[in-house]
Amino acid sequence: MGWRARLEDVGRFALRPTFATQPLAWGRAAALALAVVFVLDLLLGELIVWLTGTWDEAVGLLPELIEQDISLAEELFTGLVLAPVLEELLFRGWLTGRIAALRFAFYGIAALACFMVSFYAEPDLAQIFGLTGVATAFAGLVHWSYTRHRDTDVPAWFTRHFHWFVWGSTLLFGVIHLGNYEPLTHPLGVLVVLPQTIGGLLLAYTRTRLGLGAAMAHHAAYNAVFFASDYGWW
């Protein structure tokens, strides 16, 4: 599949995501596909940032990014390793639809709920919820490792409603990034995470068509470009 056909396939997926039983085997064709989707993600992200930034200069409704009090090494580790691995596992790792993967997704949702509560709870309770979230995620990973070769069936309801699972996880992926910004002062402030939302949909395409490893690489490379631009490294 050439780059034009790949773009058309991405467009069809965005309009109505379809289930893929097996990702493309890694090779030249897969590498080209990954490059096409990645460049598309960058171009759309830059366009959306420019459009929303221009609009915000006129109306001033978008929240400001929260400055993180962490070192550059910690920020790079989080953005280039931790976030690509954990976020892809949580939001898109289960898009194979296999029972073991879907079970892991439920663990992930429960862990995410604990982490979200910890952000707003009192310090003592925040630590408890945070540790509970870590324990839940670890339990899910252990359970998945023991059952992933056994529980490989894909339920019919999953393939039938696959597009809703992709769209829902994509929206959740965008919304969760609101935590990187100051509290909203207007409902339209959610547009600040539109690049992440569009990116999440493209990552779902990468994950289902090219595999989980490709999605993690896509995610990490996008963050690397963001860091390089943000820190003026080019």
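Structure: see above.
Residues numbered from 1 in each chain as written. Predicted model: local features only at pLDDT ≥ 70, side-chain atom pairs only at ≥ 80, totals over all residues. Heavy atoms only, no water.

Here helix α9 (residues 212-230) spans 27 Å end to end across 19 residues, near enough to the 27 Å set by a 1.5 Å rise per residue. For α9, the complete set of buried residues consists of Ala-214, Ala-215, Met-216, His-218, His-219, Ala-220, Asn-223, Phe-227 and Ala-228. Turning to α9, the residues buried within the fold contact α2 (28-59), α3 (72-91), α7 (162-176) and α8 (194-210). (Helix = DSSP H or I, 4+ residues; strand = E, 2+ residues; numbered from the N terminus. Expected span 1.5 Å × (residues − 1). Buried < 20%, exposed > 50% of the residue type's maximum accessible area, 1.4 Å probe, protein only. Contact = heavy atoms within 4.5 Å.)

Our next topic: the nonpolar core. Core analysis: the biggest nonpolar cluster contains 15 residues, and Phe-13, Trp-94, Leu-95, Phe-158, Phe-162 and Val-166 have the highest contact counts within it. Put simply, the parts of the chain that give this core at least two residues each are α1 (3-15), α4 (99-120), α7 and α8. Residue contributions to this core peak at 4 residues, all from α8. Those residues within four positions of Leu-95 in sequence are excluded, and the remaining contacts are Phe-19, Phe-158, Phe-162, Val-166, Ala-204, Arg-207 and Thr-208. Membership of the second largest hydrophobic core comes to 5 residues, among which are Ala-30, Ala-33, Leu-210 and Ala-214. (Core = buried A, V, L, I, M, F, W, Y, C linked by side-chain atoms within 4.5 Å.)

Going through the model one piece at a time under the given rule, you end up with 5 salt bridges. The salt bridge partner of Arg-6 is Asp-9, with a shortest N-O separation of 3.9 Å. Here Arg-6 pairs with Asp-9, and both are found in helix α1, just 3 residues apart, close to one helical turn. Judged by relative accessible area, Arg-6 falls into the buried class, the value being 7%. By relative accessible area, which is 15% here, Asp-9 ends up buried. Measuring nitrogen to oxygen at the nearest pair gives 2.8 Å for the salt bridge that ties Arg-92 to Glu-88. Exposure class is identical for Arg-92 and Glu-88. Each is buried. Here the residues in one salt-bridge network are Arg-6, Asp-9 and Arg-12, joined through shared partners. (Salt bridge = Lys/Arg side-chain N within 4 Å of Asp/Glu carboxyl O.)

Mapped onto the secondary structure, Thr-52 falls in helix α2. Here Val-49 takes part through its backbone oxygen, which lies 3.2 Å from a polar atom of the side chain of Thr-52. Discounting residues that sit within four places of it in the chain, Thr-52 has contacts with Leu-62 and Leu-191. (Polar contact = N/O pair within 3.5 Å; in protein donor to acceptor, adjacent residues only side chain to side chain.)

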